[in-house]
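The residues making up each chain are set out below.
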Amino acid sequence: MLRRLRVSHRQVVNQMARRPDLLCGAIALSCLLILAIKLTCSRAKNVVAPARPPVRFFSPDVPVVDLFLGQLEQVERLRSMAEVSLIFLYAPWCAHSITAREEVQKVARRMSKEVQFIAVNCWWHHGKCRKQQNLYQYPVIHLFYRRFGPIEYKGPFTAAYLERFIHRVITPLTYLPSRATLQDFLSYHEPGVIGYFEFNASPQPPGYTVFLTSALQSLRRDYRGGVRFGVVTNKHVAEAIPLQEDEMVYLHRHFNKSLVFPRAERNFTSENICGWAYEHRESVLRWLQPHGAKSRLMEQELSKGAALLLFLPFDPLAPSQPLLQQIADIALQYHTCNDSEWWESGEHQSSWDGLWQTSGRLPFPSALCCNTVVLPRLDSLSRTHNVCELCLDRSAGAEPGAAQSPRCTFHRMEAALDSFYLRQSSFARLLAPSMACSHVVNSYSPLSRFSACCKTLAPRMTSYPPRSQEPPPQASGTQAANITGLKCRTNKTLRFYVLDSHLHWTFAVRLGAQDHVRHNVFATIVDLPDEVHYILDHRESLKDTLEHFIWNYSIPYSPLKRHLVGASVPKSPDSLIREVTTASFLSTVMDPEKDVLLFYYTHWCGFCTVLNHIIIQIARLFQGNSKVTVARVNAAQNDLPWEFMVDHFPTLLFFPRDRKHLSVKFPEDLPVTLPNLVRFVLRHSGLLHRDGTRAGLVEAELRRLQADVRLLQGAREQLSEQLAQLRQEKLRLSLQTLALESHNAELQRQGRRLEALYQEKSQQLTDAVGKLRALADASESLLAENALLKILLASVKEKAHLEPGAERDFTGEGAEQDLRTHGHS
């Protein structure tokens, strides 16, 4: 192969040596190619304009160091000059960065003496910030406490929230100098972590630095500071809680036993302390922070069960939050299942019956569990009296009062219910509010026995009795709702969520709040698994109304009315197709005097749009019949009772008059056409039996429409044939047009060649005319000179005849002189 290449190369060289013109052509072609490439590259550089250099992002009068060239190397030097630093990483084109800039400037003007504010442009491609930081969103705020950091701020970009977060970073620990401050610290609804450190041995014990770092670690997890960290340096104050040794950490919990950090099992590091605190913390209120973009945060929380959503006008910088504290007290009361006062004092006795008879108080040991159940219905019992509060215990007989124990397992409750089913006659006295007990043999373990006691709920009862007595009546005539430990006394467990109404009022409006009452208090219970939604009417005191709201939801037969969110009522209700909303659904669809064909649709359903013309046609067909109504409802914007909801769109339901419970769904396997839809309405409306004349007219109209459809189909076929002919004619004309265009192009080229030839010949003729004119002028001058010479010769000859001796002079020098003289004359 190499030999062949060498031979071919030698042949090419020899051929180029024999033909130097080929070599020169190749060199010239190469030069032209290089020149074309160079010109093309130069044009590309001129098309793409260079990026403009960045300018200052923050105002010059704001105390913010703006590194708008992305000088990330200067951040470390500036951070070392301050104890607390805020780093604002931005992109100058980002709308969120522009909005957050105004809020950061407000905070910088107020806290410039305490915090070093630094802004870095992380979009400039020549800066180090763009090259070293891989940011997926802007802006990003990092805080540094001395050498610890970065602590990323993940809260809303408002001045109040940002300033509150900075204050938490500046003071991550709360100093507790006395027992009174310690009690206030522990009484707050958020969990508290307390560390005890003695500062006598050294200025700053090493354990204190670790504890301080763990408090900063918690701010990385939760920008709100859901777990508070306090420090105690006085041994007398530390003795109020089980902290007796130096460098001990204590986690206070309201419902379960408080804990001490197990230093024997875990290393005493900031990560372990923070992780241990968040692992064992108790939270009764959880803040929700939807970030405004598409996410499943709300769905994930609501899918866990019933949720109480509270929208509060929260001020992060307020020294106290009385409304939030009031709601936190209600949440603590709701979650307090154990009688901690009795349990910690050790007043429990072995005999429950004796304690119930002597003190009127009922302890609930850990073996006890309670559930709200429905007993088998007897002929002499009403439905209300069948509901009872059933408490079980394996060791002794129990009598339920305010049940404050966990719910029973399925197996234990099933065994107790079996006992009730077998002994219905023994519970005949349940007609009045009373208590009945039964000793049950555990069918899953025959050697063990446990007692089951049931206390029925009185009719129209609004609260459980607090321990041994009924609640006192209120001034309004209703009983106060005692929700203490209600979480463990009902199967309808609530989760408490708090949202800032200043930031998330749009969610409240979607859940039923009034749009014009912005930034107010709004409470709602959303039970997504059971598809129920309730709204609190808190025109009175929030505490009382919220307690009754929680209580009315928790009782077995809740008096609350489900709230349905719907769109506004249309302005023209008498249109061809009736637009149904949540408010007008019952009055329109459930009208006993009219047959209603209801069309379920949504704005995002493409198939619903396809069926619009069919719905319009059937509405026009039944327009003259006052007994038939064609309506539609936007199911995406209007909540309906669960029995009237559908699982897919589009859906057609027919509600016949006087028989609304016999509603019929249009068959899914049948095409949605006008004839099928008319037959469906006539079949289920009863028009064929009640009004034969009208039915005949409708059938005739239907046949006429079918004939029209057949005619239209025939016309469509004829039109298709004509269109096919027109397409062929159009193709033929297109081919002729192309041939004529090519012939025209050829004629134009010949015309251009003739024009060029004409111009060339015209130029040649012009040149010839010029030359002829020059020759004519030259001939005229020659003729004139010839005539003059003839005259001179004639005159000379005449003079020679007159003077005989002059001939000699004429031929000699004298003649030449005479010629000169005559010539000048």
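Residues numbered from 1 in each chain as written. Predicted model: local features only at pLDDT ≥ 70, side-chain atom pairs only at ≥ 80, totals over all residues. Heavy atoms only, no water.

A. Region of interest: unusual backbone geometry. Cis geometry marks the peptide bond from Gly149 to Pro150, where omega comes out at 0°. Tracing the sequence through the fold places Pro150 in strand E5 (residues 148-152). Pro650 follows Phe649 through a cis peptide bond whose omega is -5°. Locating Pro650 in the fold gives a position in the loop between strand E22 (628-634) and strand E23 (651-655). (Helix = DSSP H or I, 4+ residues; strand = E, 2+ residues; numbered from the N terminus.)

B. Layout of the state of the cysteines. Inspection of the entire model under this criterion finds 2 disulfides. Shown here is the disulfide that connects Cys605 with Cys608, its sulfur atoms set 2.5 Å apart. Between Cys605 and Cys608 the sulfur-sulfur dihedral comes to about 85°; the bridge is accordingly right-handed. Among the residues examined, Cys605 registers a relative accessible area of 5% and is labelled buried. (Disulfide = S-S within 2.5 Å. Buried < 20%, exposed > 50% of the residue type's maximum accessible area, 1.4 Å probe, protein only.)

C. Looking closely at the packing of aromatic side chains. Counted by the stated rule, this structure contains 29 aromatic pairs. Measuring from centroid to centroid gives 5.1 Å for Phe585 and Phe644, while their planes differ by 55°, and the two rings are tilted. A residue pair is termed long-range when its members are at least 10 positions apart, and Phe585 in helix H18 (residues 585-589) and Phe644 in the loop between E22 and E23 qualify at 59 residues. In this structure an aromatic cluster arises from ring pairing among Phe197, Phe199, Tyr208, Phe211 and Phe229. When the ring centre of Phe57 is taken as origin, the NZ or CZ atom of Arg101, which lies over that ring, is 4.4 Å away. (Phe/Tyr/Trp six-rings, centres within 6.5 Å; stacked < 30°, edge-to-face > 60°. Lys NZ or Arg CZ within 6 Å of the ring centre and 35° of its normal.)

D. Geometry of helix H20 (residues 612-621). Taken residue by residue, H20 has Ile614, Ile615, Ile618 and Ala619 as its buried positions. Across the axial projection of H20, the buried residues extend over an arc of 135°, all falling on one side. Contacts from the buried residues of H20 go to strand E21 (595-601), E22, E23 and helix H21 (674-685). (Arc of directions from axis to C-beta. Contact = heavy atoms within 4.5 Å.)

E. How the structure looks around a nonpolar patch on the surface. On the surface, a cluster of nonpolar side chains totalling about 280 Å² of accessible area is made up of Leu719, Leu723 and Leu726. For Leu723, the location among the structural elements is in helix H23 (residues 692-802). (Patch = residues over 30% accessible without salt bridge, like charges linked within 9 Å, V, L, I, M, F, W, Y side chains within 5 Å. Areas by Shrake-Rupley, 256 points an atom, 1.4 Å probe, with all protein chains shown as cover. Salt bridge = Lys/Arg side-chain N within 4 Å of Asp/Glu carboxyl O.)

F. Structural context of empty space enclosed by the protein. In total, this model carries 2 cavities of 30 Å³ or more according to the counting rule given. Each pocket or cavity is described by its volume, and for the second largest cavity that value is around 40 Å³. Residue lining of the second largest cavity: Tyr161, Arg164, Phe165, Tyr223 and Arg224, and that is the complete set. A class-by-class count of the residues in the lining of the second largest cavity yields 3 nonpolar, no polar and 2 charged. (1 Å grid on protein atoms, 1.4 Å probe; cavity = no way out; pocket = protein on both sides within 12 Å on 5 of 7 lines; lining within 4 Å. Points joined across faces, edges and corners; volume = space filled by probe spheres on them. Nonpolar A, V, L, I, M, F, W, Y, C, P; charged D, E, K, R; others polar.)

G. Geometry of the pattern of salt bridges. Enumeration over the complete set of coordinates arrives at 16 salt bridges. For Arg79, the salt bridge is made with Glu76, and the minimal N-O distance between the two is 2.5 Å. Here Arg79 pairs with Glu76, and both are found in helix H3 (residues 73-79), just 3 residues apart, close to one helical turn. Relative accessible area serves as the criterion here: at 39%, Glu76 is assigned to the partly exposed category. When salt bridges with common partners are traced through the structure, they connect Glu76, Arg79 and Arg147 into a single cluster.

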